[in-house]
Amino acid sequence: MIIVIKRDASKEQLMHFRSVLEEKYHVTVNSWQGVEATVLGLIGDTTQIDEDWVNAQEVVESVKRVQEPYKKANRKFHPDNTVIELPTGQKIGDGSLCIMAGPCSVENEDQINYVAERVKAAGATFLRGGAFKPRTSPYSFQGLKAEGLDLLKGARKVTGLPIVTEIMRTSHIDMFESVDIIQVGARNMQNFELLKELGKIRKPILLKRGLSSTIEEWIMSAEYIMAGGNDQVILCERGIRTYETATRNTLDLSAVPIIKKLSHLPVIVDPSHATGKAWLVEQMSLAAVAAGADGLMIEVHNDPKHALSDGAQSLTPDQFDKVAAKVFALKHAYDEIVNG
Ligand code: PEP
Ligand code: MN
C-alpha cells in the first residue's frame, strides 16, 4: 500500500500516523521524502487496512493499494491449487473436469430421477437442481422448497451422484445439512451475512459470480467464506450484465485464467445462465474447457418446452449426451496440448 502525505502535514502528525499503522496493523512503514511530497510504502499484510479509513486521516493526500485486498483466497499466499474432495471421492480442481448437470428446478420425482440417471450415464459427476429458486418475478415458480431437497436426496440415492443446490437464506443452513455442495446464487454473492454463516460450516460452497460483480468483488466474497474457516470454495462464472442483448448475460471466459492467476480456488463455468440459449451451450462449454475451467454446470431438462424455469437454456438429455461426449474429447486433447 502506497500512501501520499499532504504537503502541509507536520512532522508530529506524520510520526503519529506512522506509529498507528505500525502498532495497529503490524506493518513496516518505509518513507520517502521528496521535494513536493512524502510517500509511505507499507510492507506486510495490508489486507486488514481499510482504504476508507486511510483516506479519512488528516495527513493523507491519497492511497493506492498495490496488493490484493484478499489473503486466504490469494495464490500468492497459497501457491498450490485447492482441490475439493467430497467424502464420496469426487474431486474438483485436481485437473479433472467435473460436470454438474440437471434441471434448473426440481419439479417432481420422475423428472429428477430420470434426468439424474441420464446425466450420470453421459458422464456428469454431480446432480444439480434448484429447490429454492430466486426468480425475478414473485409470480414465477419459486421451487418445491423442502420437498425439492428430499427429491434431490432421493435421486442421489438412486444414482449415487452428489447433489448441488442453492441456498437463499441463513436460517436454511440446517436444512442443507445433507446437501453435498451448497450453491450461493449470483443474486446472493454479496449477501455477506449468508457468506459469514457458510464460513462456519465445513462443506464445499459453490459461489456464483454476481450479475454485475468485478472479479475482485467475487474473490472478496470467497474470502468472506474462507475468513470464517471454510476454505472449500468453488467459483462459478455464469455471465455478467453488459449492454449486449443477444444473450441473457455475457460469458466472461477471461475470468477463468484470471481467477487461476489470482487465486488457488477451482473455477467452473455455467454456459446455461451465461447465454440463456440452449443452442449456445455446446460451443461455450467447449470454450470453457479450452479456457482451463475445472468444470461445467449445465442445465438439462427432460422436457425443456414445459420446464417450470429456464426451459430456453436447458438441454434435453439427448443433447446433453452429445455435448458431454465432445467436452470430454476436448478435455482429453486439451490435457495433451496444454499439460503435455
Ligand atoms: C441457477 O443456477 O439456477 C441460478 C439461479 O443461477 P444464477 O444464480 O447464476 O442466476
Ligand atoms: Mn436456472
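Above: the structure in question.
Notes on the structure follow.

### Examining the packing of aromatic side chains
No. 1: Tallied over the entire structure, the rule returns four aromatic pairs.
No. 2: Each ring, one from phenylalanine 17 and one from tryptophan 53, has its centre 6.3 Å from the other, and the planes form 35°; the classification is tilted. One end of the pair, phenylalanine 17, is in helix H1 (residues 11-25); the other, tryptophan 53, is in helix H2 (residues 51-55), and 36 residues separate them in sequence.
No. 3: By relative accessible area, phenylalanine 17 is classed as buried at 4%.
No. 4: Above the face of the tryptophan 53 ring, lysine 24 is positioned so that its terminal group lies 5.0 Å from the ring centre.

### Observations concerning the packing of helix H9 (residues 278-290) against helix H10 (residues 317-338)
No. 1: Interaxial distance between H9 and H10 falls to 9 Å at its minimum, and their mutual angle equals 20°. The angle between H9 and H10 falls in the class roughly parallel. Judged by the twist between their axes, the crossing of H9 over H10 is right-handed. Here H9 contributes Glu282, Ser285, Leu286, Val289 and Ala290 to the contact with H10, which in turn contributes Val323, Lys326, Val327, Leu330, Lys331 and Tyr334.
No. 2: For the contact of H9 with H10, a count of residues per class yields seven nonpolar, one polar and three charged.

### Considering the site of ligand 1
No. 1: Surveying the vicinity of ligand 1 reveals the residues Cys104, Arg128, Lys133, Glu166, Gln183, Gly185, Ala186, Arg187, Lys208, Arg238, His273 and Glu299.
No. 2: Here arginine 187 contributes a side-chain N or O atom positioned 2.8 Å from an oxygen atom of ligand 1.
No. 3: Between an oxygen atom of ligand 1 and a side-chain N or O atom of histidine 273, the distance comes to 3.3 Å.
No. 4: Surface burial for ligand 1 is 97%, taken as the share of its 300 Å² of free accessible area covered by protein chains.

### Focus on the pattern of salt bridges
No. 1: The final tally for this structure, using the stated rule, is 19 salt bridges.
No. 2: Notably, a salt bridge pairs lysine 331 with aspartate 335, separated by 3.0 Å at the nearest N-O pair. Of this pair, lysine 331 and aspartate 335 both sit in helix H10, separated by four residues, roughly a single helical turn.
No. 3: Since its relative accessible area comes to 25%, aspartate 335 is described here as partly exposed.

So, how was this worked out
Residues numbered from 1 in each chain as written. Chains lettered and ligands numbered in written order. Predicted model: local features only at pLDDT ≥ 70, side-chain atom pairs only at ≥ 80, totals over all residues. Heavy atoms only, no water. Phe/Tyr/Trp six-rings, centres within 6.5 Å; stacked < 30°, edge-to-face > 60°. Helix = DSSP H or I, 4+ residues; strand = E, 2+ residues; numbered from the N terminus. Buried < 20%, exposed > 50% of the residue type's maximum accessible area, 1.4 Å probe, protein only. Lys NZ or Arg CZ within 6 Å of the ring centre and 35° of its normal. Axes fitted to C-alpha atoms, helices over the stretch in contact; angles between N-to-C directions. Parallel < 35°, antiparallel > 145°, perpendicular 65-115°, else oblique. Left-handed = near helix turned anticlockwise from the far one by under 90°. Contact = heavy atoms within 4.5 Å. Nonpolar A, V, L, I, M, F, W, Y, C, P; charged D, E, K, R; others polar. Near = heavy atom within 4 Å. Polar contact = N/O pair within 3.5 Å; in protein donor to acceptor, adjacent residues only side chain to side chain. Areas by Shrake-Rupley, 256 points an atom, 1.4 Å probe, with all protein chains shown as cover. Salt bridge = Lys/Arg side-chain N within 4 Å of Asp/Glu carboxyl O.

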